[in-house]
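Observations on the three-dimensional arrangement
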Number of protein chains: 2
Amino acid sequence: MSTTDTTALPSRREQNKLATRQAIADAALAMLRSRGVGNFTVEDIAEEAGVSRRTFFNYFPSLEAALASVTEGFLDHALEQFRLRPSDEPILDSARAALMALADPMTVSPMAELFSLTHDNRALVRSELEAWDHCTTQIIDAARRRLGPDVNELYLRALAGSIISCGKAAMSVWFEQHGPDLSAESLASLRQHLIDAIGLLGSGFTAPAPQTPSAHSPQPAADPQYSA
Amino acid sequence: MSTTDTTALPSRREQNKLATRQAIADAALAMLRSRGVGNFTVEDIAEEAGVSRRTFFNYFPSLEAALASVTEGFLDHALEQFRLRPSDEPILDSARAALMALADPMTVSPMAELFSLTHDNRALVRSELEAWDHCTTQIIDAARRRLGPDVNELYLRALAGSIISCGKAAMSVWFEQHGPDLSAESLASLRQHLIDAIGLLGSGFTAPAPQTPSAHSPQPAADPQYSA
DNA sequence: GTGCAAAGTTGCACTTAGTGTAAATACGTG
DNA sequence: CACGTATTTACACTAAGTGCAACTTTGCAC
């Protein structure tokens, strides 16, 4: 029965693996919180997660990867939204919609915390970049499936890369302005940044950019003026 | 006398350091060539460079960083070009001009070799991403200096990130099509990719993208239609 | 040139990352 | 419950990365 279930309860074993993985990721974040970046080892995380050091490495290739799993989850969520969009929708509209799903308290919360705790760390930043890059290739794949295999490859990659860049830009500007504030107003601001950034992609980076974007502007790029 | 010289011969000590650094980077590339990715250690590189293991780590924080120095040099070259552009030039024109400097045999050659030798390696890819990301922040700084401190931060970061994404997209598509071919025709194709990609940024990703871009199109986006 | 201080290199010792392997344990199914 | 398989663990090992002190080279003043 479980195999025919579309919600696919993934068998006890799978569940356990997921739980272990999550426990490790949680432990990693807990150590980051309590000791600060660079002041704990894989062994510490493993102990905190109630698991052997070797098991840690069965789940994550490195300490940084365990922390970057937060970012991966965050981006996977957006990716899922993107894949759910109707395939005849202009692709930038889909991108905007997918990114909007990130401006949700439950979703950004871990991401915002990670941001605030890791502000500067080479190895960590590298793993973060890897997560964003992985998301880019996923977008490329999804968009290629949508637009057909004959779509211009340069267009595809430039578009996917730029979408991700705009998402990153919006996130970083937002975080710099609001820190870990997850209030409704703060999240509205994040949404606006995401809309504005995607808007730039739609209309081209031609405007010299307003001095200050006026965070209250009523979604200047929200109308589908840039249909594909 | 040397201190008054504008070409600034940077004192013997600096020269030596530069030479050592280069020797290490060269040795790393040599090892990559001869043994393939993952089949040599920092100690091997140090020996090849005629230097102690400890000294290697005085210059580079990791094996991957030594290899990524190739990418850094490549991107620094473009960055320098960007900074040399007149400050009243539309910024996308500057970006395009800077990227064009990369389509030069001497400049792309090491980059193309690195591309062909590292096709797949987590740690290496991470360091590459780091180099591109560093370049992005440099562009942000340069553009902020040019556009004034009051420019919209979101615009700035989205723009810089998208420029870099387009550069990456053009490079990757080019390399996939031409491999390590550095002939005049191949480089012309790279230039066209770079122009096309920046063109997308100028006009917005609104076109559904031509099925095939027709690599002979006479620089469709070369005219400064997108002046800031 | 001689001597001296600062910069750079090296060897050594040490902690931690990451991986292979085989034994032990937990799980799912009949 | 018992059996086969998936997962965890212990152990051993190589290599990364770092702190430190000794040593060598360089730049500079005399």
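Residues numbered from 1 in each chain as written. Chains lettered and ligands numbered in written order. Predicted model: local features only at pLDDT ≥ 70, side-chain atom pairs only at ≥ 80, totals over all residues. Heavy atoms only, no water.

Brief notes about the relation of the copies chain B and chain A
Of the transformation superimposing chain B on chain A, the axial component is 0.0 Å and the angular component is 180°, with the fit at an RMSD of 0.1 Å. The relationship between the two copies is best expressed as a two-fold rotation axis. Identified as the residue of chain B closest to the rotation axis by C-alpha distance is Gly-204 of chain B, at 1.9 Å. Same-surface contact between copies: 100% of interface residues of chain B are shared with the interface of chain A. (Least-squares fit on C-alpha atoms with pLDDT ≥ 70 in both. Contact = heavy atoms within 4.5 Å.)

Brief notes about the state of the cysteines
Tallying each qualifying case throughout the model produces 0 disulfides over all chains. Summary of cysteine pairing: Cys-166 of chain A is not part of a disulfide, and the nearest cysteine sulfur, belonging to Cys-166 of chain B, is at 9.8 Å. Here Cys-166 of chain A falls in the buried class, since its relative accessible area comes to 1%. (Disulfide = S-S within 2.5 Å. Buried < 20%, exposed > 50% of the residue type's maximum accessible area, 1.4 Å probe, protein only.)

Examining the protein's contact with DNA strand C
Around DNA strand C there are 20 residues in total, and Arg-12, Arg-53 and Arg-54 of chain A together with Lys-17 and Thr-55 of chain B lie nearest to it. When atoms of DNA strand C within 4 Å of the protein are sorted by moiety, sugar and phosphate together comprise 55%. Interatomic distance of 3.2 Å between a backbone N/O atom of Ser-52 of chain B and a phosphate oxygen of DNA strand C. Those elements that place two or more of their residues in the surface near DNA strand C are helix H1 (11–35) and helix H3 (53–59) of chain A together with helix H1 (11–35) and helix H3 (53–59) of chain B. (Near = heavy atom within 4 Å. Polar contact = N/O pair within 3.5 Å; in protein donor to acceptor, adjacent residues only side chain to side chain. Helix = DSSP H or I, 4+ residues; strand = E, 2+ residues; numbered from the N terminus.)

As for the confidence of the model for chain A
The predicted model of chain A averages 88 in pLDDT, with 86% of residues at 70 or higher. Counting interchain partners and residues more than four positions distant, the pLDDT-below-50 stretch residues 212–228 of chain A has 30 contacts. (pLDDT = per-residue confidence, 0-100.)

A word on the nonpolar core
Counting residues in each nonpolar core, the largest one holds 92 residues, and the members touching the most others are Ile-163, Leu-201 and Phe-205 of chain A together with Ile-163, Leu-201 and Phe-205 of chain B. With residues up to four places along the chain from it excluded, the contact list for Phe-205 of chain A reads Leu-200 of chain A together with Leu-92, Tyr-155, Ala-158, Leu-159, Ser-162, Leu-201 and Gly-202 of chain B. Counting residues in hydrophobic clusters, the runner-up holds 22 residues, among them Ala-27, Ala-28, Leu-32 and Val-42 of chain A. (Core = buried A, V, L, I, M, F, W, Y, C linked by side-chain atoms within 4.5 Å.)

Concerning the protein's contact with DNA strand D
In the vicinity of DNA strand D lie 20 residues, with Lys-17, Thr-55 and Tyr-59 of chain A together with Arg-12 and Arg-13 of chain B positioned nearest. Among all atoms of DNA strand D positioned within 4 Å of the protein, those belonging to sugar or phosphate total 60%. The side chain of Thr-55 of chain A places a nitrogen or oxygen atom 2.6 Å from a phosphate oxygen of DNA strand D. One of the backbone nitrogen or oxygen atoms of Val-42 of chain B is found 3.2 Å away from a phosphate oxygen of DNA strand D. Elements that contribute at least two residues to the surface near DNA strand D include exactly H1 and H3 of chain A together with H1 and H3 of chain B. Counting residues per element, the surface near DNA strand D draws most heavily on H3 of chain A, at 4 residues. Here the surface near DNA strand D is built from residues that sort into 6 nonpolar, 7 polar and 7 charged. (Nonpolar A, V, L, I, M, F, W, Y, C, P; charged D, E, K, R; others polar.)

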